[in-house]
Amino acid sequence: MPSLGADMEFGTLVQWRVKPGDRVRRGDVVAEVETQKGVFEIDIREDAVIGELKVAEGARVKVGAPLASLLTTAGAAERATPTIPTPAISPEAVSPVSAPAALPSPERLRVSPLARKVASELGIDLTGVVGTGEGGVITRDDVERSTVRGAGITSEAHVPGTTPAPPTPSEGPAPMAGMRQAIAAAVSRSKREIPHYYLTRDIELGTAMSWLHSANASRPITDRILPAALLLKGVALALTKFPQLNGFHVAGEFRPSADIHLGVAIAIRDGGLIAPAILTADRLPLADFMRSLSDLVRRARSGGLRASEMTDPTVTVTNLGDDGVQTVLAVITPPQVAVVGFGAITERPWAEHGLIGVRPVVTASLAADHRASDGRIGSQFLAELSRLLGTPEAL
Amino acid sequence: MTSPDVRAIVFDAIRRVAPEVDPSSIRTSERLRGQVDLDSMDFLSIVIDVHEKLKVEIPESDYGRLTTIDEIVSYLEARIAATQDAR
């Protein structure tokens with residue numbers, strides 16, 4: 001069971017799309033999994049032959065637990081996938097609309113008081129956390145690590161004194177409550193752990209917007225490009241020069257990513273937020289980028305996101321311009337180290353060469369992890385973004 | 001094509017991107033964006049959907065005239081009529 005976000009502990013295997021003996025290729029969808037954030041397609045990372053299916057449809061499975069065994073294409077070695085080891089696996093069959101699935105009643109948990117407090121603040125269910133302290137005591141580190149691995153939070157988890165979320169994800173208001181909790185856990189952790197710094201820069205888009213309007217005038221409706229696609233592609237390209245902003249801060253150190261998988265914050269219609277990635281965004285030509293973006297937005301809202309799109313974002317962009325906001329100072333999604341924000345593109349007075357004109361302008365912002373980069377890097381990144389958006393034909 | 005058909009196609013396109021909306025609650029003479037939670041991607045999806053059903057071109061420069069359902073319907077009817085006259 002892959003972790004589909006920093007905040008996931010369990011997933012329910014909704015449906016298998018393969019059976020033992022099936023030959024699969026990297027990228028093929030092998031199963032569908034439901035989490036607090038909806039239903040996702042699990043795509044496989046390598047070519048293989050499906051061995052044994054270890055989990056029944058309807059089972060609720062802990063992150064890290066094997067779903068199936070794979071035979072390598074050579075057919076010899078059999079091994080479990082994914083490779084993350086996990087303690088007790090107790091997949092329980094739950095029918096999608098049945099009464100709440102009862103968790104196995106846990107043995108008395110040994111928890112440090114601080115760990116209990118942190119878990120309560122984050123809405124983490126301690127029964128899912130593995131203690132590494134003396135005698136198996138759950139420590140604060142264990143709790144916080146559980147949010148990193150995605151273990152710990154369940155849709156049943158709740159802060160004492162508040163109304164517990166209804167536990168079955170496919171019923172009534174439950175998905176929303178689950179998503180709210182998932183977001184709460186991720187942003188709380190971000191603000192607790194990540195020393196953010198913030199920079200903003202106004203970017204003049206006169207050239208970019210005229211280029212876009214004339215490009216769109218000669219395109220069929222179905223191939224039209226939104227200004228947002230231009231901004232996001234600019235971010236992906238600018239990041240190629242600033243590896244300090246693209247990657248993960250894990251285990252006390254920053255690990256840059258060779259690929260740029262651009263997480264796009266997408267508002268879910270009934271509320272909530274999800275940030276799946278456009279994979280290798282810097283290498284997509286603008287027209288392909290636009291198609292990927294609209295496809296991603298559609299699937300984020302109607303289902304069909306892939307596991308790889310959820311696990312892989314190396315950086316995030318949030319575009320709040322549609323409602324007219326000018327500046328967005330965003331919260332970094334851990335373990336990422338940067339988030340770029342865009343407000344509305346509006347006509348504003350713009351002084352240049354001693355003259356004032358009226359131009360389309362957007363305020364771009366960067367929130368970055370000060371452990372991984374400094375303000376100078378961030379300001380150079382925004383300058384590069386501005387330069388790129390001034391030459392839209394090169395995007 | 002009569003007006004109710006065009007109107008139905010427009011409502012259908014809106015329902016496709018915003019299934020939670022009750023069409024009867026939309027006031028057709030008021031700004032759509034204020035009543036239905038639509039972003040620019042949703043609006044583009046609606047334009048594409050309507051284009052594919054009615055086979056009319058909707059230039060980007062006309063988007064600004066398409067803020068209410070009534071405006072969208074009369075705009076589309078005018079475009080359809082212009083296409084038929086040209087034949």
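Residues numbered from 1 in each chain as written. Chains lettered and ligands numbered in written order. Predicted model: local features only at pLDDT ≥ 70, side-chain atom pairs only at ≥ 80, totals over all residues.

Buried accessible area, meaning the area lost when the parts come together, often serves as the stated size of an interface. The interface of chain B with chain A comprises 13 residues on the first partner and 13 residues on the second. When its residues are assigned to classes, the side of chain B that touches chain A shows seven nonpolar, two polar and four charged. (Contact = placed C-beta atoms within 7 Å. Nonpolar A, V, L, I, M, F, W, Y, C, P; charged D, E, K, R; others polar.)

What follows is about the pairing of strand S19 (residues 338-342) of chain A. All names here are of chain A. Here S19 lies mainly inside the structure; five of its five residues are buried. Across the two faces of S19 the burial is the same, with Ala338, Val340 and Phe342 and Val339 and Gly341 all buried. Where strand S18 (residues 315-319) lies against S19, four bridges are found, and the strand directions are parallel. Bridge pairing in S19 links Thr318 to Gly341. Relative to strand S21 (residues 355-369), S19 is paired through five bridges, and the arrangement is antiparallel. Residue pairing across strands places Val340 opposite Leu366, the latter belonging to S21. (Buried ≥ 20, exposed ≤ 12 C-beta atoms within 10 Å, placed from the backbone. Helix = DSSP H or I, 4+ residues; strand = E, 2+ residues; numbered from the N terminus. Pairing = 2+ DSSP bridges.)

Right, let's talk about the environment of Pro349(A) for a bit. Residues and elements named next belong to chain A. Within the element layout of this structure, Pro349 appears in strand S20 (residues 346-352). Taking the number of C-beta atoms within 10 Å as the measure of exposure, Pro349 has 9 and is therefore exposed. With 277 residues separating them along the chain, Pro349 and Thr72 place their C-alpha atoms 62 Å apart. Discounting residues that sit within four places of it in the chain, Pro349 has contacts with Ile356 and Val358.

Residues and elements named next belong to chain A. Taken over all residues, the pLDDT of chain A has a mean of 80, while the share at 70 or more is 73%. The low-confidence segment residues 75-108, where pLDDT is below 50, has 50 contacts with residues more than four positions distant or belonging to other chains. A low-confidence stretch, residues 148-173 (pLDDT under 50), is modelled with 83 contacts involving residues beyond four sequence positions or located in other chains. (pLDDT = per-residue confidence, 0-100.)

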